[in-house]
Structures are given as structure tokens and as C-alpha cells.
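# Analysis of the macromolecular model
One-letter residues, chain by chain:
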Amino acid sequence: MNEPPIAIEIDCETGVETVRPLTDQEITQRELDIARAEAQRAEKEAKEALELAERTALATWIASQPGLPEAARNALARATGVTLPGGTG
């Protein structure tokens, strides 16, 4: 059985601790805060996945340019923050 969420309040002057169930408004706010945090986490993960895919595509493209001198490929890799296959860049 799920226990209802509680609030623990401590009176700083007296040190008295009060334990009480959260109000409906506090529960609603808590649920909204949890949903917002989950959405922000998912958005951050999606952004990081997209950035990784872009870096991988860029590294693949740079590595596939046979006409580029190795020094130019490495400079492009460093400037764009990608690692080329074989560890160059």
C-alpha cells in the first residue's frame, strides 16, 4: 500500500517537528514538478543524442574525403570537436 506523501516541518525557534500529510495542492505541485523534471531530462537526453549523431555524421564525412590531406582532416576534426576513425583529430 502506498503511504500518502508527507511534509516534515521543523520550527527553527522551538525545534518542534511536525509531520503532516501533504495538501491536495502540494501533491498537485509535487506531481507537476516531477513531470517537468522528467520532461527536461528527456529533452536534454534527446539533445545530447542529436549532437552525438551530428558529430558522428561529421566525423564520417571528414574521414570519407580522400582528397583532403591528413593534416586538413585532423584540423577539421579538432575545430569541430569530432574524433575521426583511427583516433586522429
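Structure shown above.
This section reports on the structure supplied with the text. (Residues numbered from 1 in each chain as written. Predicted model: local features only at pLDDT ≥ 70, side-chain atom pairs only at ≥ 80, totals over all residues. Heavy atoms only, no water.)

Looking now at helix 2 (residues 70–80). Owing to its 3.6 residues per turn, the α-helix brings residues three or four apart onto one side. Those residues of helix 2 that sit buried are Arg73, Asn74 and Ala77. Viewed along the axis of helix 2, the buried residues span an arc of 95°, placing them on a single side of the element. Facing away from the buried side of helix 2 by more than 90 degrees, the exposed set consists of Ala71 and Ala79. Where helix 2 ends, the next residue or the one after it, Gly81, has phi of about 75°, a positive value. (Buried < 20%, exposed > 50% of the residue type's maximum accessible area, 1.4 Å probe, protein only. Helix = DSSP H or I, 4+ residues; strand = E, 2+ residues; numbered from the N terminus. Arc of directions from axis to C-beta.)

Pairing of strand 1 (residues 6–10) with strand 2 (residues 17–21) involves five bridges; the strand directions are antiparallel. Residue pairing for strand 2: Ile6 is matched across the bridge by Pro21. Counting the residues that bridge the hairpin from strand 1 to strand 2 gives six residues, and of these Gly15 lies at a positive phi of roughly 80°. (Pairing = 2+ DSSP bridges.)

A few words now on the nonpolar core. Core analysis: the largest hydrophobic core is formed by five residues, namely Ala59, Ile62, Ala77, Val82 and Leu84. Non-local contacts of Ile62, meaning those with residues more than four positions away in its chain, are made with Leu68, Arg73, Leu76, Ala77, Thr80, Val82 and Leu84. (Core = buried A, V, L, I, M, F, W, Y, C linked by side-chain atoms within 4.5 Å. Contact = heavy atoms within 4.5 Å.)

A surface patch of nonpolar side chains, about 390 Å² in accessible area, is lined by Ile6, Ile8, Ile10 and Val19. With three residues, the single largest contributor to the nonpolar patch is strand 1. (Patch = residues over 30% accessible without salt bridge, like charges linked within 9 Å, V, L, I, M, F, W, Y side chains within 5 Å. Areas by Shrake-Rupley, 256 points an atom, 1.4 Å probe, with all protein chains shown as cover. Salt bridge = Lys/Arg side-chain N within 4 Å of Asp/Glu carboxyl O.)

The subject of this paragraph is the environment of Thr18. In this structure, Thr18 sits in strand 2. Classification of Thr18 by relative accessible area gives partly exposed; the value is 38%. Distance in space between the C-alpha atoms of Thr18 and Ala7 is 8.0 Å, their sequence separation being 11 residues. Once residues lying within four places of it in the same chain are set aside, the contact partners of Thr18 are Ala7, Ile8 and Glu9.

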